[in-house]
Amino acid sequence: DTIFNPLEVLKVRKQIAMSASSAGGGAPSATSMALARAAIAEKGVARGLWLPGLEATMYRAFSYTGFRIGLYPTVRNAIVDSGTFGDADSVTCRIAAGATTGAVGSAIFNPIDVVRIRMQGA
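This one's a predicted model, so the numbers in the text were calculated from it and none came from an experiment. (Residues numbered from 1 in each chain as written. Predicted model: local features only at pLDDT ≥ 70, side-chain atom pairs only at ≥ 80, totals over all residues. Heavy atoms only, no water.)

Remarks on helix α3 (residues 54–82)
Phase 1: Given a rise of 1.5 Å per residue, 29 residues ought to cover 42 Å, and the 41 Å separating the end C-alpha atoms of α3 matches this to within 8%.
Phase 2: Within α3, the full set of buried residues consists of Leu54, Ala56, Thr57, Arg60, Ala61, Tyr64, Phe67, Val75 and Ile79.
Phase 3: After α3 finishes, the residue Gly83 shows a positive phi value of roughly 75 degrees. (Helix = DSSP H or I, 4+ residues; strand = E, 2+ residues; numbered from the N terminus. Expected span 1.5 Å × (residues − 1). Buried < 20%, exposed > 50% of the residue type's maximum accessible area, 1.4 Å probe, protein only.)

Here it is, written out as structure tokens:
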């Protein structure tokens, strides 16, 4: 995630520019290259493209990934114990465990994503 943070910053800023241009009904939004040049001219490469939202990106990556990977065996074992989807090697059991940890993790760590996007758009 951290390697691609500059691309995420440009994506978020492009979406903001597109939203602003469509709301105003005016001129087309700036290109990604124009947005990159403006950010670099204003704050430099690191502060303009690399650092916005980087801290929130790292918090989300470590917490969400750790949550999903850390709880997967526990959830899988609980599903196996319930007998609903078969044994631990069955595809349906794996899908159910992965979907459960992914959904719960997404719900819990979504606020960090909101903060990240706000930081990248600023």
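Considering the pattern of salt bridges
Phase 1: Per the counting criterion, the structure on display carries five salt bridges.
Phase 2: Arg116 is paired through a salt bridge with Glu8; the nearest N and O atoms lie 3.5 Å apart. Of this pair, Arg116 sits in helix α4 (residues 91–121) while Glu8 sits in helix α1 (residues 5–24), and the two are 108 residues apart along the sequence.
Phase 3: Judged by its relative accessible area of 12%, Arg116 is buried.
Phase 4: The closest approach of N and O atoms between Arg60 and Asp113, which form a salt bridge, is 3.0 Å. Linking Arg60 in helix α3 with Asp113 in helix α4, this pair joins segments that are 53 residues apart in sequence. (Salt bridge = Lys/Arg side-chain N within 4 Å of Asp/Glu carboxyl O.)

Section: a nonpolar patch on the surface
Phase 1: A cluster of nonpolar side chains, contributed by Ile3, Phe4 and Leu7, occupies part of the molecular surface with about 360 Å² of accessible area.
Phase 2: Position of Ile3 among the secondary structure elements: in the segment before α1.
Phase 3: Since its relative accessible area comes to 63%, Ile3 is described here as exposed. (Patch = residues over 30% accessible without salt bridge, like charges linked within 9 Å, V, L, I, M, F, W, Y side chains within 5 Å. Areas by Shrake-Rupley, 256 points an atom, 1.4 Å probe, with all protein chains shown as cover.)

Some words on the packing of aromatic side chains
Phase 1: Counted by the stated rule, this structure contains two aromatic pairs.
Phase 2: An angle of 70 degrees between the planes, with centres 5.6 Å apart, marks the rings of Phe67 and Phe109 as edge-to-face. In this pair, Phe67 is assigned in helix α3 and Phe109 in helix α4, connecting sequence segments 42 residues apart.
Phase 3: Looking at Phe67, the relative accessible area reads 19%, which means it is buried.
Phase 4: Residue Phe109 is classed as buried on the basis of its relative accessible area, which comes to 15%.
Phase 5: Directly above the ring of Tyr64 sits Arg60, whose terminal nitrogen or CZ lies 4.4 Å from the centroid. (Phe/Tyr/Trp six-rings, centres within 6.5 Å; stacked < 30°, edge-to-face > 60°. Lys NZ or Arg CZ within 6 Å of the ring centre and 35° of its normal.)

Bear in mind that shape data such as this cannot, by itself, settle questions of function.
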